[in-house]
Amino acid sequence: MSSTTGTTTEKAGATTATDATNTTETVQAPSLTESAESATSPEAGTSTAPTPGASTPPDARRAPSLTVRVRRTALRTVRRLPYLLLKGATKSAAIVALLLLWEIAPRAGLVDRTFLPPFSEVADAWWGLAADGQLADNARASLARSFSGFGIAVAVAVPLGLLIGWYRPVADLLGPLLEVFRNTAALALLPVFVLLLGIGETSKISIVVYACTWPILLNTISAVRHVDPTLLKLAKSMDLSAPRLFQKVILPASVPVMFTGIRLAGAVSILVLVAAEMIGAKAGLGYLINASQYNFAIPQMYAGIITISAIGVAFNQLLVTVERRLSSWRVPAGG
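Analysis parameters
- Residues numbered from 1 in each chain as written.
- Predicted model: local features only at pLDDT ≥ 70, side-chain atom pairs only at ≥ 80, totals over all residues.
- Heavy atoms only, no water.
- Axes fitted to C-alpha atoms, helices over the stretch in contact; angles between N-to-C directions.
- Helix = DSSP H or I, 4+ residues; strand = E, 2+ residues; numbered from the N terminus.
- Parallel < 35°, antiparallel > 145°, perpendicular 65-115°, else oblique.
- Left-handed = near helix turned anticlockwise from the far one by under 90°.
- Nonpolar A, V, L, I, M, F, W, Y, C, P; charged D, E, K, R; others polar.
- Phe/Tyr/Trp six-rings, centres within 6.5 Å; stacked < 30°, edge-to-face > 60°.
- Buried < 20%, exposed > 50% of the residue type's maximum accessible area, 1.4 Å probe, protein only.

Remarks on the packing of helix α7 (residues 201-225) against helix α9 (residues 242-279)
Where α7 meets α9, the closest approach of the two axes is 7 Å, and the angle between their N-to-C directions is 155°. Of the possible angle classes, the one that applies to α7 and α9 is roughly antiparallel. Read as a crossing pair, α7 and α9 show a hand that is right-handed. Broken down by class, the residue content of the contact of α7 with α9 amounts to 18 nonpolar, six polar and one charged.

What to know about the packing of aromatic side chains
If you walk through the whole model with that rule in mind, you get seven aromatic pairs. On the basis of an interplanar angle of 75° and a centroid distance of 5.2 Å, the ring pair of phenylalanine 150 and phenylalanine 315 is categorised as edge-to-face. One end of the pair, phenylalanine 150, is in helix α4 (residues 134-166); the other, phenylalanine 315, is in helix α11 (residues 298-326), and 165 residues separate them in sequence. When sorted by exposure, phenylalanine 150 lands in the same class as phenylalanine 315, which is buried. Put simply, the rings of Trp102, Phe119 and Tyr302 pair up and form one aromatic cluster.

Topic: unusual backbone geometry
Phi is positive for phenylalanine 296, close to 60°, though the residue is something other than glycine. By the element assignment, phenylalanine 296 lies in the loop between α10 (285-294) and α11. Under the relative-accessibility criterion, phenylalanine 296 is labelled partly exposed at 49%.

Written as structure tokens, this is what we have:
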């Protein structure tokens, strides 16, 4: 009887425990469901703290750094602005002083304004030539001839200079001939070019080629011959072939001296062409200057001279930019 009662009691306890467990699960389920709903509900968006370990989008990471970089660049520019203004004023002070002297001297009677008009009159004449298209047409004709002759001279003189500078037998063979021609002025041969090639475009381009060849050729030869011997020894120790040696050592080391000759040739190409255009041409800046002199249009003559100077400065700056790009591997002298 007692055993039956114990068994009944154990069954009742088990039933009670099972009911309690079910009741607990029933109570916990709604709480989990409510938590999930609260996490996905719009009201839950008020808490936007990122989960630890979650990755930030790349754009979100780049945006602050880009903003900081822009701010730093702007601050650096603002800080350097006084220095840049001072540097620009220093470089332009001499030119401004010359223009002021040019303006004041004729008006003050220090020079005859018939032959040297004030700069303001020259500027008005320059604007008039630019407005009616004469300046643009003549400048275009001169630049076409000058750049054509200059380009041909570079294409011929640079390879020839590399060849003469590197191979001693070629230098011994052509050296005396080069010495004869490089000491003969280009303008002295201008009548010869006109007689042989006529007064057309061919003679003018040819005289520019002749005048530009020598600065490029001589500086290229000097650049190749004065390459640092240490660089050559290192390159030969690495068993570089001749083409690779030229590409990796000779050409980069020769660029600075070579471009000195190219810049000289750029100035010569304009000066010699103007002289050639004064002798026989129907268009060009030299023709414009010569015609203005004959017609006694002195302001127009000075306007043409100023245009030639501006073109020469711009062309030289272009060559300096190209030289810096090609020799960017060089370490500045200051460090």
